Amino acid sequence: MSAKKSYQKIFELMKEHHNWFNDSIPLIASENIPSTAVREAIISDFGNRYAEGWPGERVYAGCIYIDEVEIICNDLAKKVFNAEFADCRATSGVVANLAIYSGFTNPGDYMLASSIPNGGHISHGKKEHYGTAGHVCGLKIEHFPFLKDDMTIDVDATKKKILDMGVDGKSPKMAMFGGSLFLFPHPVKELSDFMHEHNIHINYDAAHVAGLIAGGQFQDPLREGVDTMTMSSHKTLWGPQGGIIVSLQKHAEIIKKSIFPGNTSSHHLHHVAGKAVALAEVLEFGEEYAKQLIKNAKKLAESLVDYGFTALGEKRGYTQSHQIAVDVSKYGDGGTIEKELEASNIILNRQLLPGDIKAGRNYMHPSGVRIGANEVTRLGMKESEMIEIANLIKRVVIDGEDTKKVKKDVTEFKKQYQKLHYAFDGQLDAYKYISLVKID
Ligand SMILES: *Cc1c(COP(=O)(O)O)cnc(C)c1O
């Protein structure tokens, strides 16, 4: 392809992507749709500048306005999470975790975290799986005991495990709460005193649930005894892709140094501006959004179960977060079902469920799918729309209907939900492609 042809093709593909999402039901639990205001922030000139260091103490010149925006961003993060300290420079959730590992542990230390089938994230993982904690920071990972019926960490067994690890000379230095498959709050307040008595630094990875915590609708880790809380800015928070760390004041200096120079140089200043805009929106609309989001997730789970699906966490009402986990093994494997739904313009992802690895399943062909109501909620959908979505999923997965036929109905359904809600800039088109140059 000639340079010009490649150039044109790139724009063509991006426009097709926008059109496709316009016509689709987006159910990926780790994604969201940012407002047009956030999108404006991330195409600003901030993205072309450097500002190493802390506002007012930069290594670079040219940061007069950037500093002010970053200070506003950190102040908003402190307000939204009721935190003593905030640092919005991490360029992603993984970088936020890296800053915590490298700031508060040494290579060879032990960390307690959730295994991946039990909801942990690969950035909490072991060296042999190229997990960030093991692979980059040399941490040795032990897993939290897990209660499958309750879909959460087992408190008594965790205390026993910490004592046993101490006896073996393997006392953990860090505990990592939170995860990627995250239906119910983790027992932070039940474990934090015990962990602190054993000199364990407690981090809570709120990558998925930050928007729920911000809206006051999930647990409140900083009040329950965590030292530091890391998060992504783009899952249930609706910012641009990036990371944020909030903490107690006593950890501020280590975090600041660990982010720069420790783990970043450029810190993507356009995304800092975007995070600031998103946090202002959260302060204004976050509670209302989080309440509706959790109601929607519950309704979607109940509707799927009514159609015959098996959702995890039945004993506890399926979910208290934005996401649900569905065991689809009766109908095939998660990987194949993900593709069939994608062909029907229903976009979600396959998911390893507790017990999958032991049962010989793998990441490509797990027994589950994970569904998040975050993006459809931002498009203004409520409980009645969740029933319709469950029906569309059922037609593909249980009835085996032709994906082309379902895709037509999905596109028709989606026509009513093109506007973005919970934003200062009114209800603008959520997936509108913004053209700045003429491509001929
Ligand atoms: C998504 C996720 C991350 C990684 O965040 P990025 O912003 O993609 O780097 C970290 N931890 C958990 C629990 C996650 O789900």
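The rules behind these values
Residues numbered from 1 in each chain as written. Predicted model: local features only at pLDDT ≥ 70, side-chain atom pairs only at ≥ 80, totals over all residues. Heavy atoms only, no water. Helix = DSSP H or I, 4+ residues; strand = E, 2+ residues; numbered from the N terminus. Buried < 20%, exposed > 50% of the residue type's maximum accessible area, 1.4 Å probe, protein only. Polar contact = N/O pair within 3.5 Å; in protein donor to acceptor, adjacent residues only side chain to side chain. Contact = heavy atoms within 4.5 Å. Axes fitted to C-alpha atoms, helices over the stretch in contact; angles between N-to-C directions. Parallel < 35°, antiparallel > 145°, perpendicular 65-115°, else oblique. Left-handed = near helix turned anticlockwise from the far one by under 90°. Nonpolar A, V, L, I, M, F, W, Y, C, P; charged D, E, K, R; others polar. Core = buried A, V, L, I, M, F, W, Y, C linked by side-chain atoms within 4.5 Å. Expected span 1.5 Å × (residues − 1). Pairing = 2+ DSSP bridges. Patch = residues over 30% accessible without salt bridge, like charges linked within 9 Å, V, L, I, M, F, W, Y side chains within 5 Å. Areas by Shrake-Rupley, 256 points an atom, 1.4 Å probe, with all protein chains shown as cover. Salt bridge = Lys/Arg side-chain N within 4 Å of Asp/Glu carboxyl O. 1 Å grid on protein atoms, 1.4 Å probe; cavity = no way out; pocket = protein on both sides within 12 Å on 5 of 7 lines; lining within 4 Å. Points joined across faces, edges and corners; volume = space filled by probe spheres on them. Near = heavy atom within 4 Å.

*Asks:* Please clarify how the side chain of histidine 18 should be interpreted in this entry.
*Replies:* Take histidine 18: it is sitting in helix α1 (residues 3-22). The buried category is assigned to histidine 18, whose relative accessible area is 19%. A distance of 2.8 Å separates the side chain of histidine 18 from the backbone oxygen of tyrosine 431, its partner in a polar contact. Beyond its immediate stretch of four places on either side in the chain, histidine 18 contacts Arg39, Tyr431, Lys432 and Tyr433.

*Asks:* Please clarify how the packing of helix α6 (residues 155-167) against helix α7 (residues 188-197) should be interpreted in this entry.
*Replies:* The packing of two helices is summarised by the inter-axis angle and the distance between the axes. At a minimum axis separation of 10 Å, α6 and α7 run at an interaxial angle of 15°. Classified by the angle between their axes, α6 and α7 sit roughly parallel to one another. Two packed elements cross with a definite hand, and for α6 against α7 that hand is right-handed. Contact residues: Val155, Thr158, Lys159, Ile162 and Leu163 in α6; Glu190, Leu191, Phe194 and Met195 in α7. Residue composition of the contact of α6 with α7, by class: six nonpolar, one polar and two charged.

*Asks:* I keep staring at the nonpolar core and nothing clicks. Help me out?
*Replies:* Nonpolar side chains in soluble globular proteins tend to end up buried together. Within the largest apolar cluster, 93 residues are counted, with the highest numbers of intra-cluster contacts made by Phe81, Tyr204, Ile371, Ile389 and Ile393. Of all the elements, helix α11 (residues 269-306) adds the most residues to this core, at 14 residues. Residues in contact with phenylalanine 81, not counting those within four places in the same chain, are Ala210, Ile213, Ala214, Leu222, Arg223, Met229, Met231, Leu237, Val246 and Leu279. If you look at the next biggest cluster of nonpolar residues, it comprises 22 residues, including Trp54, Ile141, Ile245 and Ile259.

*Asks:* Help me out: how do you make sense of helix α3 (residues 64-81) in this one?
*Replies:* Each turn of an α-helix holds 3.6 residues, which means side chains three or four residues apart point in the same direction. With 18 residues, α3 extends 26 Å from end C-alpha to end C-alpha; this agrees with the ideal 26 Å at 1.5 Å per step. Taken residue by residue, α3 has Ile66, Asp67, Glu70, Cys73, Asn74, Leu76, Ala77, Val80 and Phe81 as its buried positions. Positive backbone phi, approximately 50°, marks asparagine 82, located one or two places after α3.

*Asks:* Honestly, the pairing of strand β12 (residues 243-247) in this entry has me stumped. Any pointers?
*Replies:* For a regular strand, side-chain orientation follows a simple rule: the groups alternate between the two sheet faces. The buried fraction of β12 amounts to five of the five residues, a majority that puts the element mostly inside the structure. By the alternation rule, side chains of β12 split into Gly243, Ile245 and Ser247 and Ile244 and Val246, which are all buried. In this structure, strand β4 (residues 85-87) lies alongside β12, joined through three bridges in antiparallel fashion. Across the sheet, the residue bridging to aspartate 87 is isoleucine 245, located in β12. Pairing between strand β11 (residues 228-232) and β12: five bridges, direction antiparallel. Bridge pairing in β12 places threonine 230 opposite isoleucine 245.

*Asks:* What am I meant to see in a nonpolar patch on the surface here?
*Replies:* Side chains of Tyr7, Ile43, Ile434, Leu436 and Val437 sit close together on the surface and give an oily, nonpolar patch of about 500 Å² of accessible area. A relative accessible area of 41% places isoleucine 434 in the partly exposed class.

*Asks:* What exactly am I supposed to notice about the layout of surface pockets here?
*Replies:* Any space left empty among the atoms is revealed by the rolling of a water-sized probe across them. Looking at the largest pocket, its volume works out to about 900 Å³. Around the largest pocket, the lining comprises 28 residues; the ones closest to its centre are His17, His18, Pro34, Arg39 and Ile42. Of all elements in the fold, only α1 and α2 (36-42) reach the threshold of two or more residues within the lining of the largest pocket. When residues in the lining of the largest pocket are grouped by element, the largest group, six residues, is from α1. Here the lining of the largest pocket is built from residues that sort into 15 nonpolar, nine polar and four charged. Reported here for the second largest pocket is a volume of approximately 680 Å³. Taken together, 27 residues line the second largest pocket, and the ones lying closest to its centre are Ser115, Ile116, Pro117, Asn118 and Leu352.

*Asks:* I keep staring at the pattern of salt bridges and nothing clicks. Help me out?
*Replies:* Opposite charge on two side chains lets them pair, provided their charged atoms get close. Under the counting rule described, the total for this entry stands at 25 salt bridges. Where aspartate 109 meets lysine 173, a salt bridge forms, and the shortest distance between an N and an O atom there is 3.8 Å. With aspartate 109 in the loop between α4 (93-104) and β5 (110-113) and lysine 173 in strand β9 (residues 172-178), this pair connects stretches of sequence that are 64 residues apart. Linking glutamate 401 and lysine 405 is a salt bridge whose minimum nitrogen-to-oxygen distance equals 3.5 Å. In this structure, a network of salt bridges that share partners links the residues Arg395, Glu401, Lys405 and Asp409.

*Asks:* What is the right way to look at the site of the ligand in this model?
*Replies:* Around the ligand, the structure places 14 residues, and the nearest of them are Gly93, Val94, Ser180, Asp205 and Lys235. Within the side chain of aspartate 205, a nitrogen or oxygen atom sits 2.6 Å from a nitrogen atom of the ligand. At 3.5 Å from an oxygen atom of the ligand is found a side-chain nitrogen or oxygen belonging to histidine 234. Protein contact buries 87% of the 380 Å² of open area that the ligand shows by itself. At three residues, α4 tops the list of elements feeding residues into the shell around the ligand. For the shell around the ligand, the class distribution of residues is two nonpolar, 10 polar and two charged.

*Asks:* Looking at this structure, I do not really get the sheet that holds β12. What am I missing?
*Replies:* Picture the strands of a sheet paired through backbone hydrogen bonds; they go either parallel or antiparallel. Strands sit in the order β4-β12-β11-β10-β9-β5-β6 across an open sheet of seven strands; the sheet is mixed. What marks the edges here is a single partner per strand, and that holds for β4 and β6 (140-143). On average, each strand axis in the sheet is inclined to that of its neighbour by 20°, with strand direction left out of account. Across the sheet, α3 is in contact with β4, β11 and β12; its angle to β4 comes to roughly 130°.

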